[in-house]
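Survey of secondary and tertiary structure
Here are the chains, one letter per residue:
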Amino acid sequence: MKVTLRQVTKAFGATPVLRGISLEVAPHELFFLLGPSGCGKTTLLRLIAGFYQPDAGEVWFGDRCMNGVPPHRRNTGMVFQNYALWPHLTVAENVGYGLEVRRVPRAERAQRVAEALAIVQMQDYAERTPNQLSGGQQQRVALARALVIRPDVLLLDEPLSNLDARLRLEMREEIRRIHRQTRITTIYVTHDQKEALSLADRLAVLRDGQIEQVGDPRTVYRTPVTRFVADFIGETNWLPATVLEAGADRSRLQTPVGVFEAGPAGQRRVGEAVWLGFRPEAVRLGPGPVNALLTRIRSVTYLGEIEQYLLELADGTPLKAVEPNPDQIRPAGAPLPVHVRPGDLFLLPRQAN
Ligand code: ATP
């Protein structure tokens, strides 16, 4: 089922929460709404579910406008952060509840509940009550309950945020597997960029009720269109720069710490003031042929699989770097040459933030 939003706006009282959201989620897509707390993600999800109506704009499922259609007529399945299971019902009863409401005959109900529990691998727990289950198991039941109605659209609101780190990783894999198996159009709200990067077919980054960027994880991570997106989706080093040369496949930039070579200039023009951005993992330790910098080590943090460096450029600008598979000790205060490949740099207009 394709989901289309057209210029959707929503305010609570005098506070605008969604300010003209237009979006197309393709059939079978696993689509993420990503953004900081308060940016309007949950409001947007509830609006798609039908719990809220937009003040202006339209919500479409396929070729049907859903404005005014109540939640129970939209055939969406929703999973909440806190599972929202009935404590006094068994797992099977919880999952079957939505079918009972829809007056599905008993025999079919039992079969569909069994199927849904099998999808989330909880078939052995059908007779337990929620308080006899772990958090991860409860979340599987909540997923089964959403899937059992065979929704056209599955809506997930921070489904993993109540789980511990290890379980979160495990459930990420589960959600990916279940999505591959069911191919249900899924819209997933989170503020966890790793969750979005690791699972999304595409994602939208929201800020203050507006969409800043839509794209697949690699594109958004490697070519963010604003500083906000770059900083939200990962760590970024920024240098102020001026464009010296703006070519179709390469550009040159003047920064306070020397001239940089970067990839295509895109929309940037000679003389323009820009931000030059690059990720900590793009900083390669050791000397290099281009974009070489001499730094001094401010501090080092060993994390096992990587080592995090806080470096300092000649003019005092801090620079973050990471080294995978760290195998040598470099003391704070020591000089460290580094370099950045031109293709790992991104250019943003200085006025964009
Ligand atoms: P979080 O990750 O913290 O849940 P969010 O991005 O999902 O954040 P929303 O829950 O959509 O954000 O809230 C967006 C804004 O709208 C917030 O400022 C919130 O206080 C406000 N808001 C949300 N629901 C209501 C409501 N029912 N009445 C009034 N204000 C609301």
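The structure reproduced in this document is the subject of the present report. (Residues numbered from 1 in each chain as written. Predicted model: local features only at pLDDT ≥ 70, side-chain atom pairs only at ≥ 80, totals over all residues. Heavy atoms only, no water.)

**Comments concerning the sheet that holds strand E15 (residues 283-285)**
What the five strands build is an open sheet, ordered E15-E19-E16-E17-E18; its pairing is antiparallel. Every other strand in the sheet has two partners, leaving E15 and strand E18 (318-324) as the edge strands with one partner each. The average undirected angle you get between the axes of adjacent strands in this sheet is 45°. Here strand E17 (residues 306-312) pairs with E18 via seven bridges, running antiparallel. Of the residues in E18, the one forming a bridge with Tyr309 is Ala321. (Pairing = 2+ DSSP bridges. Helix = DSSP H or I, 4+ residues; strand = E, 2+ residues; numbered from the N terminus. Axes fitted to C-alpha atoms, helices over the stretch in contact; angles between N-to-C directions.)

**Description of helix H4 (residues 135-147)**
In a regular helix each residue adds 1.5 Å, so 13 residues correspond to 18 Å; H4 covers 18 Å between its end C-alpha atoms and thus fits that length. With respect to burial, H4 is a largely interior element, 12 of its 13 residues being buried. Within the sequence span of H4, burial applies to Gly136, Gln137, Gln138, Gln139, Arg140, Val141, Ala142, Leu143, Ala144, Arg145, Ala146 and Leu147. Residues of H4 that are buried in the fold lie against strand E6 (76-79), helix H2 (91-101), helix H3 (106-119), strand E7 (153-157) and helix H5 (165-182). (Expected span 1.5 Å × (residues − 1). Buried < 20%, exposed > 50% of the residue type's maximum accessible area, 1.4 Å probe, protein only. Contact = heavy atoms within 4.5 Å.)

**Section: the site of the ligand**
Around the ligand, a shell composed of Phe12, Val17, Pro36, Ser37, Gly38, Cys39, Gly40, Lys41, Thr42, Thr43, Tyr52 and Glu158 is seen. Between the ligand and Gly38 there is a distance of 2.7 Å, counted from an oxygen atom to a backbone nitrogen or oxygen. A distance of 3.0 Å separates an oxygen atom of the ligand from a polar backbone atom of Gly40. In isolation the ligand exposes 630 Å². Once the protein is present, 56% of that is buried. For the shell around the ligand, the class distribution of residues is five nonpolar, five polar and two charged. (Near = heavy atom within 4 Å. Polar contact = N/O pair within 3.5 Å; in protein donor to acceptor, adjacent residues only side chain to side chain. Areas by Shrake-Rupley, 256 points an atom, 1.4 Å probe, with all protein chains shown as cover. Nonpolar A, V, L, I, M, F, W, Y, C, P; charged D, E, K, R; others polar.)

**Digging into the packing of aromatic side chains**
What the rule picks out here adds up to six aromatic pairs. Where Phe228 meets Phe232, the ring centres are 6.0 Å apart and the plane angle is 10°; that geometry is what we call stacked. Here Phe228 pairs with Phe232, and both are found in helix H8 (residues 227-233), just four residues apart, close to one helical turn. On the basis of relative accessible area, Phe232 is assigned to the buried category, the value being 17%. When the ring of Trp238 is compared with that of Phe346, the centres are 5.8 Å apart and the planes differ by 75°; the resulting orientation is edge-to-face. Within this pair, whereas Trp238 is found in strand E11 (residues 237-246), its partner Phe346 is found in strand E20 (residues 346-349), the two being separated by 108 residues in sequence. Phe346 matches Trp238 in its accessibility class, with the two residues each being buried. The rings of Trp238, Trp275 and Phe346 are connected pair by pair, giving a single aromatic cluster. The aromatic ring of Trp275 is capped on one face by Arg227, whose charged end is 4.3 Å from the ring centroid. (Phe/Tyr/Trp six-rings, centres within 6.5 Å; stacked < 30°, edge-to-face > 60°. Lys NZ or Arg CZ within 6 Å of the ring centre and 35° of its normal.)

**Considerations on the side chain of Asp157**
The residue Asp157 is located in strand E7 in this model. In this structure Asp157 is buried but unpaired, with Arg46 as the nearest side chain of opposite charge at 5.2 Å. Within the structure, Asp157 has its side chain in polar contact with the side chain of Thr42 (distance 3.5 Å). Once residues within four sequence positions are removed from consideration, Asp157 is found in contact with Thr42, Leu45, Val79, Phe80, Gln81 and Val189. (Lys, Arg positive; Asp, Glu negative; His and termini not counted. Salt bridge = Lys/Arg side-chain N within 4 Å of Asp/Glu carboxyl O.)

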